[in-house]
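Chain by chain, the residues:
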Amino acid sequence: MNSNPKDKKKEVKVINIPKKKRPLATPSYIIRISLIICFVLCILLLSSPFLRAKLYITQDLEITTSFNEAYNDSPSQEELDNAYNELLTAFNHLEKIEKKEDSESSKLPVSQTNVMALDSANFEWSYTVSRNVDPKPLAELIDKVRTLDKRPYTSESVQALNIALLKGQKLLRASVVVSQSVLQMLLGGAIGESLGNVKSLGNTISHSLFAMILAAIPLVCFITLCFDKRSHLKHIICMLGATICLAVIFAVLYPFVGRGAVISIILYIIIFILNLASIYAKQQEDHIIKHPEMEPEFTEKHPHFVKALINHKAFVKYAAEPQTAPKKKKKKK
């Protein structure tokens, strides 16, 4: 019995669709992608420590970055006990701010209030004492006072507490490593506002301006590289950006540079070199496009730059030429 033609499976024709051609990766394109990656790394490094300084306490209860100026005498147990009692007394005599005084103190500038401007920095404290004394009671009380929120108390009682605290830390020969990232600098203030008069450090660092420069420049360069694919504007912006960031790091932070600043310095030097290479590559590619008759010479000496001419012929020049539709054949009557 003959089967119904409808039951037969319909033959499916497979049409091979040609793949869309992609432009060849020219040297300028590869360098631009490398620059984008470098600036992305610079942006990610904003959360790493850019500022790192080790601070000590002097005989006069001042903060210094020099180990030679730090207090280095070995205290006796009696001196530690007296410092403990003085700190405990100042802690117990803290006076809370009344409502009326609280409203007036809120109108004061940040530098005149008890609020620490640099509350977003990282502090690593260490103490150095001799073996014949017991520093534990004083050290525990110092840690308790140091983490105390001083905002609800009067400035006079807090000042007395801070002096007693510095005396206790001086006897324990305390040192602190302060580290701060760019993102933390945007939230915090100058380091001298929270740690006292730091010689050659707190008086020279303007954290807000420093953070804004190092945070804004990589972002601007990244956006420019993403959208500017053909002009030399990206080269000018990247060159200026890398130069400004390097100048800021060396002029403002050095020698108090952290891990993030060191890696950023290396990246900005790489960006500077890649930018010069990108300028050269772009000039060579533009030259071969304007002079296609030099293709044999470039193919022999600089074959990678010829990719720009191939892309120009395959995409730019082809797209500019008018496409003529094929004429339909007239049917014979």
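Thresholds, definitions, all that
- Residues numbered from 1 in each chain as written.
- Predicted model: local features only at pLDDT ≥ 70, side-chain atom pairs only at ≥ 80, totals over all residues.
- Heavy atoms only, no water.
- Core = buried A, V, L, I, M, F, W, Y, C linked by side-chain atoms within 4.5 Å.
- Buried < 20%, exposed > 50% of the residue type's maximum accessible area, 1.4 Å probe, protein only.
- Helix = DSSP H or I, 4+ residues; strand = E, 2+ residues; numbered from the N terminus.
- Contact = heavy atoms within 4.5 Å.
- Phe/Tyr/Trp six-rings, centres within 6.5 Å; stacked < 30°, edge-to-face > 60°.
- Lys NZ or Arg CZ within 6 Å of the ring centre and 35° of its normal.
- Patch = residues over 30% accessible without salt bridge, like charges linked within 9 Å, V, L, I, M, F, W, Y side chains within 5 Å.
- Areas by Shrake-Rupley, 256 points an atom, 1.4 Å probe, with all protein chains shown as cover.
- Salt bridge = Lys/Arg side-chain N within 4 Å of Asp/Glu carboxyl O.
- pLDDT = per-residue confidence, 0-100.
- Pairing = 2+ DSSP bridges.

Enquirer: I would appreciate a short explanation of the nonpolar core in the present structure.
Expert: The nonpolar side chains of a soluble globular protein tend to be buried, and buried together. One finds Phe-39, Phe-50, Phe-210, Leu-214, Tyr-268 and Ile-271 to be the most contacted residues of the largest nonpolar core, which totals 44 residues. Going through the elements one at a time, α1 (27-44), β1 (49-57), β4 (175-181), α6 (182-187), α8 (207-227), α9 (233-253), α10 (259-290) and α12 (306-320) are the ones with two or more residues in this core. Sequence-distant contacts of Phe-210, that is, excluding residues within four places in its chain, are made with Phe-50, Met-185, Val-248, Val-252 and Leu-253. The next biggest cluster of nonpolar side chains, apart from the first, holds 19 residues, and it includes Tyr-71, Ala-83, Ala-90 and Leu-172.

Enquirer: Help me understand the packing of aromatic side chains in this model?
Expert: What characterises a pair of aromatic rings is the spacing of the ring centres plus the angle enclosed by the ring planes. Per the counting criterion, the structure on display carries three aromatic pairs. With 5.5 Å between their ring centres and 75° between their planes, Tyr-56 and Phe-67 make a pair best called edge-to-face. Residue Tyr-56 is located in strand β1, and its partner Phe-67 is located in the loop between β2 (63-64) and α2 (77-92); the two are separated by eleven residues in the primary sequence. Of the residues examined, Phe-67 reaches a relative accessible area of 49% and is grouped as partly exposed. Centroid distance Tyr-280 to Phe-305: 6.0 Å. Interplanar angle 75°. Geometry classified as edge-to-face. With Tyr-280 in helix α10 and Phe-305 in the loop between α11 (295-301) and α12, the pair connects residues that are 25 residues apart, well separated along the chain. Judged by its relative accessible area of 10%, Phe-305 is buried. For Lys-170, the ring lying beneath its charged end belongs to Tyr-71, and the centroid distance is 5.0 Å.

Enquirer: Help me out: how do you make sense of a nonpolar patch on the surface in this one?
Expert: Among the surface-exposed residues, Tyr-29, Ile-30, Ile-33, Ile-37, Val-40, Leu-41 and Leu-44 lie close enough to one another that they form a single nonpolar patch of about 610 Å² accessible area. On the secondary structure map, Ile-33 appears in helix α1. Owing to a relative accessible area of 31%, Ile-33 belongs among the partly exposed residues under this scheme.

Enquirer: Explain the pattern of salt bridges here, please?
Expert: Summed over all chains, the structure comprises five salt bridges. For the salt bridge of Asp-149 with Arg-151, the shortest nitrogen-to-oxygen distance reads 3.0 Å.

Enquirer: Could you clarify how one ought to interpret the environment of Thr-243 in this entry?
Expert: Mapped onto the fold, Thr-243 is located in helix α9. Note: C-alpha distance between Thr-243 and Phe-272 (29 residues apart in sequence) is 7.9 Å.

Enquirer: Would you mind showing me how to read the confidence of the model for the protein here?
Expert: Low-pLDDT stretches of the model should not have their predicted coordinates read in fine detail. Here the protein shows a mean pLDDT of 79. Residues at 70 or above account for 75%. Averaged over each element, pLDDT in the protein is lowest for helix α7 (residues 191-195) (45) and highest for α1 (94). For the stretch residues 101-119, pLDDT sits under 50, and the model shows 25 contacts to residues farther than four places along the chain or on other chains. In this model, residues 192-205 is a region of pLDDT below 50 whose contacts with residues beyond four sequence positions or in other chains number 34 contacts.

Enquirer: Sorry if this is basic, but what is going on with the sheet that holds β4 here?
Expert: What links the strands of a sheet is backbone hydrogen bonding, and the strands pair in either a parallel or an antiparallel sense. Spatially, four strands are ordered β2-β1-β4-β3 in an open sheet, and the strand pairing comes out antiparallel. The open sheet terminates on both sides in strands that have one partner only, identified here as β2 and β3 (122-126). Bridge count for β1 against β4 is seven bridges, and the pairing is antiparallel. Note that in β4 the partner of Ala-53 across the bridge is Val-178.

Enquirer: I tried to follow the side chain of Thr-224 on my own but got confused; where do I start?
Expert: Inspection of the secondary structure assignment puts Thr-224 in helix α8. Discounting residues that sit within four places of it in the chain, Thr-224 has contacts with Lys-234 and Ile-237.

Enquirer: Can you help me understand the pairing of β4 in this one?
Expert: Remark: a regular strand shows side chains that alternate across the two faces of the sheet. Across the seven residues that make up β4, a large majority, seven, are buried. Of the two faces of β4, the one holding Ser-175, Val-177, Ser-179 and Ser-181 and the one holding Val-176, Val-178 and Gln-180 are both buried throughout. Across five bridges, the pairing between β3 and β4 is antiparallel. What sits directly across from Asn-122, in β4, is Ser-179.

Enquirer: Looking at this structure, how should I read the environment of Gln-77?
Expert: Structurally, Gln-77 can be placed in helix α2. Accessibility expressed as a relative area gives 27% for Gln-77, which makes it partly exposed. Along the sequence, Gln-77 and Asn-132 sit 55 residues apart, while their C-alpha atoms lie 8.1 Å from each other. Not counting residues within four places of it along the chain, the set of residues in contact with Gln-77 comprises Val-133 and Asp-134.

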